[in-house]
Amino acid sequence: KNQVEQSPQSLIILEGKNCTLQCNYTVSPFSNLRWYKQDTGRGPVSLTIMTFSENTKSNGRYTATLDADTKQSSLHITASQLSDSASYICVVSANTGGFKTIFGAGTRLFVKA
Amino acid sequence: KAGVTQTPRYLIKTRGQQVTLSCSPISGHRSVSWYQQTPGQGLQFLFEYFSETQRNKGNFPGRFSGRQFSNSRSEMNVSTLELGDSALYLCASTLQSSGYGSSYEQYFGPGTRLTVT
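Calculation criteria
Residues numbered from 1 in each chain as written. Chains lettered and ligands numbered in written order. Predicted model: local features only at pLDDT ≥ 70, side-chain atom pairs only at ≥ 80, totals over all residues. Heavy atoms only, no water. Helix = DSSP H or I, 4+ residues; strand = E, 2+ residues; numbered from the N terminus. Rg over C-alpha atoms; globule rule 2.2 N^0.38 Å. Buried < 20%, exposed > 50% of the residue type's maximum accessible area, 1.4 Å probe, protein only. Contact = heavy atoms within 4.5 Å. Areas by Shrake-Rupley, 256 points an atom, 1.4 Å probe, with all protein chains shown as cover. Lys, Arg positive; Asp, Glu negative; His and termini not counted. Charge placed at Lys NZ, Arg CZ, Asp CG, Glu CD. Phe/Tyr/Trp six-rings, centres within 6.5 Å; stacked < 30°, edge-to-face > 60°. Lys NZ or Arg CZ within 6 Å of the ring centre and 35° of its normal. Pairing = 2+ DSSP bridges. Disulfide = S-S within 2.5 Å.

### Examining the overall build of chain B
Helix and strand content of chain B: zero helices and 11 strands. Mapped from its N terminus to its C terminus, chain B presents α and β elements in the order β-β-β-β-β-β-β-β-β-β-β. The C-alpha atoms of chain B give 13 Å as radius of gyration, which agrees with the globular expectation for 117 residues (13 Å, within 12%). Once the C-alpha set of chain B is aligned to its principal axes, its extents read approximately 35 × 25 × 25 Å. Looking at chain B residue by residue over its 117 residues, the buried ones come to 51%. At a minimum sequence separation of 6, the contacts of chain B that also span at least 24 residues come to 57%. Put simply, chain B shows about 5,500 Å² of open surface, and 48% of that area lies on carbon and sulfur atoms. Charged side chains of chain B number 11 positive and 6 negative; the gap between the two group centres comes to 3 Å.

Written out as structure tokens, the structure reads:
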């Protein structure tokens, strides 16, 4: 069964600290993995897109890693800011000859001053 | 370049009614996808339209339908509303079709918050 599981479900950190969010998937055959940031009440915003051949991609203070062998991805946030408080959603697409995109449930991040 | 716009932003309907939501993609984008987001189910794919044709469809009942116009603008219709249809409905535009797991950047609109009472 194609699944995307994210952990932790929620996380509270202090401003300035680093954190890492996890995404494990069983989607196959793998095509790409995306991380989105979604502020409350707004649409998701793309942070990174990684294909099979990419194992790391950065976007400012956000760095995503991908291990296609273990089917795991992580999103590392460096020097967190209050504005990083949001939900982070991992999305995996499969190349089946048809469209298949599986969304994770997201990790809710709270950054406190 | 203007982003994805959705109208209306908020909507309150009663059970049994129908509703039409609108989405205008980024200029030049030909693909529009619709998603339903609820606290319990997260983001779920409804359907995708590309060049006025439905390319992909998620697992939603036939009460959910959509269409795309020649200018790439898209509408989504939900008939015979149920309480469980209360959700944030998001549309996203992409330059090309998202089929076959393409890596094209997908841009989301702000969503329409639908409340069914």
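Moving on from the coordinates now.
### Observations regarding the overall build of chain A
In terms of helices and strands, chain A carries zero helices and 11 strands. The N-to-C order of helical and strand elements in chain A reads β-β-β-β-β-β-β-β-β-β-β. Here the C-alpha atoms of chain A give a radius of gyration of 14 Å, agreeing with the 13 Å that 2.2 N^0.38 yields for 113 residues. By its C-alpha atoms, chain A is 45 × 25 × 20 Å across when sized along the principal axes. By element, 48% of the accessible surface of chain A is carried by carbon and sulfur atoms, the whole surface being about 5,400 Å². Positive and negative charge centroids in chain A, built from 11 and 7 side chains respectively, lie 6 Å apart.

### A closer look at the packing of aromatic side chains
The full count for this structure, using the stated rule, is eight aromatic pairs over all chains. Between Phe60(B) and Phe64(B), the aromatic rings sit 5.2 Å apart at their centres with planes inclined by 65°, giving edge-to-face as the arrangement. One aromatic cluster is present, formed by Tyr36(A), Phe103(A), Tyr35(B), Phe45(B) and Phe108(B) through successive ring pairs. Arg61(A) extends its terminal NZ or CZ atom over the ring of Tyr62(A), reaching a point 5.7 Å from the ring centre. For Arg108(A), the ring lying beneath its charged end belongs to Phe110(A), and the centroid distance is 4.8 Å.

### Digging into the pairing of strand S7 (residues 62–67) of chain A
All names here are of chain A. Side chains Tyr62, Ala64 and Leu66 of S7 all project onto a buried face; the interleaved residues Thr63, Thr65 and Asp67 project onto a face where none is buried. Note that strand S6 (residues 56–59) and S7 share four bridges and pair antiparallel. Across the sheet, residue Lys57 finds its bridge partner in S7, namely Ala64. Taking the residues that link successive antiparallel strands as the turn, the S7-strand S8 (residues 72–77) hairpin has four residues, and the phi of Lys71 there is positive, at about 60°.

### So, the state of the cysteines
With the rule as written, the count across this model stands at two disulfides over all chains. Between the sulfur of Cys23(A) and that of Cys90(A) lies a disulfide, 2.0 Å long from S to S. One quick way to see it: the torsion about the S-S bond of Cys23(A) and Cys90(A) is about -65°, and its sign makes the bridge left-handed. One end of the pair, Cys23(A), is in strand S3 (residues 19–25); the other, Cys90(A), is in strand S9 (residues 86–95), and 67 residues separate them in sequence. The class of Cys23(A) is buried, set by a relative accessible area of 0%. Between the sulfur atoms of Cys23(B) and its disulfide mate Cys91(B) the distance is 1.9 Å. The disulfide joining Cys23(B) to Cys91(B) has a torsion of about 65° about its S-S bond and is therefore right-handed. Within this pair, whereas Cys23(B) is found in strand S3 (residues 19–24), its partner Cys91(B) is found in strand S9 (residues 87–94), the two being separated by 68 residues in sequence.

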